[in-house]
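Chain by chain, the residues:
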Amino acid sequence: MKLWFTLFGLLFTACGNPKLNYKCTCTQIAYGAGPNGENIDRSFTENVCDTYDNIETAFGINGDVYNGLETCETEMSALSDEYDCECDCYYQSEC
């Protein structure tokens, strides 16, 4: 099983570090959990402008993404035995 989180809490301010644009794709799917057996899909893609250090910290223990991934796992596992929770961010350019 993979984990996931929303990135809304990721935006931090850091002095002296360049802000970089990351494209973050987050998947949150509970398979067959809908009323008619359809998948419940809360996936999204978002651009995040932040420093490398802040992005890295968000994925670390007790970071925003890390905590959100745990929340996703809890919520999705309550809906279905089969689910995906993951979030990946890729550097795009400076912002």
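Note that this is a predicted model, so its numbers are computed, not measured.

**What about helix α2 (residues 64–79)?**
Alright, step 1. A rise of 1.5 Å per residue sets the reference length of α2, with its 16 residues, at 22 Å; its end C-alpha atoms lie 23 Å apart and thus fit the reference within 8%.
Alright, step 2. Taken residue by residue, α2 has Val65, Gly68, Leu69, Cys72 and Met76 as its buried positions. When α2 is viewed along its axis, its buried side chains cluster within an angular range of 105 degrees and face the same direction. Exposed residues on α2 whose side chains face more than 90 degrees from its buried face are Thr74 and Ala78.
Alright, step 3. In this structure, the buried residues of α2 make contact with β1 (20–30), α1 (52–59) and β4 (83–94).

**Observations concerning unusual backbone geometry**
Alright, step 1. Even without being glycine, Asn62 reaches a positive phi, approximately 70 degrees.
Alright, step 2. Residue placement: Asn62 occurs in the loop between α1 and α2.

**Side note on the confidence of the model for the protein chain**
Alright, step 1. With 83% of its residues at a pLDDT of 70 or more, the protein chain has an overall mean of 84.
Alright, step 2. Element-level pLDDT for the protein chain is lowest in α1, with a mean of 90, against a maximum mean of 96 in strand β2 (residues 40–41).
Alright, step 3. Contacts from residues 1–14, a stretch scored under 50 in pLDDT, to residues over four places away or in other chains number 59 contacts.

**Quick notes on the pattern of salt bridges**
Alright, step 1. Within this structure, the stated rule accounts for 1 salt bridge.
Alright, step 2. The closest approach of N and O atoms between Arg42 and Glu75, which form a salt bridge, is 3.9 Å. Of this pair, Arg42 sits in the loop between β2 and β3 (44–50) while Glu75 sits in helix α2, placing them 33 residues apart in sequence.
Alright, step 3. Residue class for Glu75 comes out partly exposed when judged on its relative accessible area of 39%.

**Digging into the state of the cysteines**
Alright, step 1. The full count for this structure, using the stated rule, is 4 disulfides.
Alright, step 2. One disulfide bridge connects Cys49 with Cys95, the sulfur atoms lying 2.0 Å from each other. Residues Cys49 and Cys95 are joined by a disulfide whose S-S torsion is about 90 degrees; by sign, that bridge is right-handed. Within this pair, whereas Cys49 is found in strand β3, its partner Cys95 is found in the segment after β4, the two being separated by 46 residues in sequence.
Alright, step 3. Sulfur-sulfur distance for the disulfide between Cys72 and Cys85 comes to 2.0 Å. Across the S-S bond of Cys72 and Cys85 the torsion is about -70 degrees, and the bridge reads as left-handed. In this pair, Cys72 sits in helix α2 while Cys85 sits in strand β4, placing the two residues 13 residues apart along the sequence.
Alright, step 4. The exposure class of Cys72 is buried, given its relative accessible area of 1%.
Alright, step 5. The class for Cys85 is buried, based on a relative accessible area of 0%.

Definitions and cut-offs
Residues numbered from 1 in each chain as written. Predicted model: local features only at pLDDT ≥ 70, side-chain atom pairs only at ≥ 80, totals over all residues. Heavy atoms only, no water. Helix = DSSP H or I, 4+ residues; strand = E, 2+ residues; numbered from the N terminus. Expected span 1.5 Å × (residues − 1). Buried < 20%, exposed > 50% of the residue type's maximum accessible area, 1.4 Å probe, protein only. Arc of directions from axis to C-beta. Contact = heavy atoms within 4.5 Å. pLDDT = per-residue confidence, 0-100. Salt bridge = Lys/Arg side-chain N within 4 Å of Asp/Glu carboxyl O. Disulfide = S-S within 2.5 Å.

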